[in-house]
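Descriptive structure summary
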Amino acid sequence: MSETLLRIFQVILALSILIIGHEAGHFFFAKLFGVRVEKFYLFFDAGGVRLFSTKHSKLLGKLFPRLKDAETDYGIGWLPLGGYCKIAGMIDESLDTQSVGSEPQSWEFRSKKAWQRLLILIGGVLMNVVIAMVVYICLLAGWGSAYLGNTPDTHIWTNELSREMGFRDGDVILDYDGVHTDDFSLLQADLVRNKVRHVNILRGADTVGIYIDQNFFPQVLNTPGMFSLALEFVVDSIPPQSVNYGNGILSSGDKVIALCGQEIEYVQQSREVLASHCGEEVPITVLRDGDMVIEGTVRVDSLGLLGVYARFPEISSRTYTAAQAVIPGIKMTFSAIGNYLKDLKLVATPSTGAYKSVGSFIAIGQVFPGAWDTYSFLHILALLSVMLAVVNLLPIPGLDGGHVLFTLYEMITGRKPSDKFLYAAQIVGMIILVMLMVYAFGNDIGRLIK
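Residues numbered from 1 in each chain as written. Predicted model: local features only at pLDDT ≥ 70, side-chain atom pairs only at ≥ 80, totals over all residues. Heavy atoms only, no water.

A short note on unusual backbone geometry
- Despite not being glycine, Cys260 shows a phi value in the positive range, around 55 degrees.
- Following the sequence through the fold, Cys260 ends up in the loop between strand 12 (255–259) and strand 13 (262–263).
- In this structure, Asp289 is a non-glycine residue whose phi angle is positive, near 60 degrees.
- Along the chain, Asp289 falls in the loop between strand 14 (281–288) and strand 15 (292–299). (Helix = DSSP H or I, 4+ residues; strand = E, 2+ residues; numbered from the N terminus.)

Here we look at helix 12 (residues 419–449)
- Taking 1.5 Å per residue, 31 residues should reach 45 Å; helix 12 reaches 45 Å between its end C-alpha atoms and fits that length.
- Those residues of helix 12 that are buried lie in contact with helix 9 (361–367) and helix 11 (400–413). (Expected span 1.5 Å × (residues − 1). Contact = heavy atoms within 4.5 Å.)

Considerations on the packing of aromatic side chains
- Throughout the structure, instances matching the rule amount to 14 aromatic pairs.
- For the pair Phe167 and Phe227, a centre-to-centre distance of 4.9 Å together with 75 degrees between the ring planes defines the contact as edge-to-face. Pair noted here: Phe167 is in the loop between helix 4 (160–164) and strand 7 (172–176) and Phe227 is in strand 10 (residues 227–230), with a separation of 60 residues, a long-range link.
- For Phe227, a relative accessible area of 9% corresponds to the buried category.
- An aromatic cluster is defined as three or more aromatic residues linked by ring pairs; in this entry it consists of Phe28, Phe29, Phe33 and Trp115. (Phe/Tyr/Trp six-rings, centres within 6.5 Å; stacked < 30°, edge-to-face > 60°. Buried < 20%, exposed > 50% of the residue type's maximum accessible area, 1.4 Å probe, protein only.)

So, a nonpolar patch on the surface
- A contiguous nonpolar patch, built from Val49, Leu51, Phe52 and Trp78 and spanning about 410 Å² of accessible area, is present on the exposed surface.
- Relative to the helices and strands, Trp78 is located in the loop between strand 3 (73–77) and strand 4 (79–87).
- Using a relative accessible area of 41% as the deciding quantity, one classes Trp78 as partly exposed. (Patch = residues over 30% accessible without salt bridge, like charges linked within 9 Å, V, L, I, M, F, W, Y side chains within 5 Å. Areas by Shrake-Rupley, 256 points an atom, 1.4 Å probe, with all protein chains shown as cover. Salt bridge = Lys/Arg side-chain N within 4 Å of Asp/Glu carboxyl O.)

A look at the environment of Leu174
- By secondary structure assignment, the location of Leu174 is in strand 7.
- The sequence separation of Leu174 and Asn150 amounts to 24 residues, and the corresponding C-alpha distance is 8.2 Å.
- Leaving out residues up to four positions away in the same chain, Leu174 has contacts with His180, Asn200, Ile201, Leu202 and Thr207.

Considerations on the sheet that holds strand 9 (residues 206–211)
- Pairing within the open sheet is antiparallel, and its three strands lie in the order 7-8-9. With partners counted over all chains shown, the strands left at the sheet margins are strand 7 and strand 9, one partner each. Neighbour-to-neighbour, the strand axes of this sheet turn through a mean angle of 25 degrees, independent of strand direction.
- In this structure, strand 8 (residues 198–203) lies alongside strand 9, joined through six bridges in antiparallel fashion. Paired with Asn200 across the strands is Gly209, a residue of strand 9. (Pairing = 2+ DSSP bridges. Axes fitted to C-alpha atoms, helices over the stretch in contact; angles between N-to-C directions.)

Functional significance is not addressed by these values, which are geometric in nature.
Here it is, written out as structure tokens:
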């Protein structure tokens, strides 16, 4: 299977799981309160066109005659833009107005108490949060946690943007506005998510403060690799295929301090020095056992490398039993929710330029790996579940959040919006959602062209 087809498969599989789970949340509370669910569909059957239906399948009708008379039609639509439960007596994305103006029936959504309707409305969001929790718990129980800590031993290697902002190679980032980031990989994300104004860094033996100009944030959002790891050039091992295997000059634990007469501290510096000496022998100085200086010559291979593995900083890791993973898994879920809310706030702030990063299914597909990896799939699934939960709570008619807003208004004021108003609001909301989808798709096409 090609990388593209595998990514398409992963997108369809992940969204199908999340959509079915989301709609199952609505379904559960509807059934709990005696509300009739007329349809339960994965994807939309726009124009009445469907790929599968339990009530319209002749084969199923013959094998299971009772399905035709069942209360709910379970099916798959042709338009892969989500899914829905058609709940009796509710004006939703189906825009069915048959019940408008008629007397409410006991089995209809509109005849239920406001708090019951509220639970039905947020059932999908609750289910997506539960799915994220379960997936995170499974990830911790199955793989544990591992990350590179942001410690005094983890120095940054800068790019052009981070240098322009005031950072330097070898800096250690202590805190953002007084808050320490534990995970080295989140340094760039936390910088922009929290709209940091002041950074304390350790530069050599001195603590230095950097003021962050907020005008840099659009570039930070679109410039990956601001803070890569400045890897100290301490030899971990020399593989047999290396041009320097068995040369007697380099051994495990040696720290390279000079190459070609130039001082070296980090692996990145050595690449810059060796790039012009491919296939040659060059002078080297190493520090052994902390105090013994050894000088000699080493070979540079055709790629401009010495062919040695550098020692990587210690990775913070922990294993969990299924029971031990529950609380951390729940915490990971709410941490992901908090981070995504910050991301949405950035998108809603035009000055950050974050709205340019909004994407559609194409962007989602590019997140998945080109080769199957269960851990990566589950991790992305949990993040997408969090995103689906948060986005659905936005107070836009057509989303669960829009319905929730009108229900809360009713609970607070005691006045229920009219069916005509709800129908008009639903149409406006659908137009807004279509426009957002078109914009996101346009962003993806623009990125592909670039």
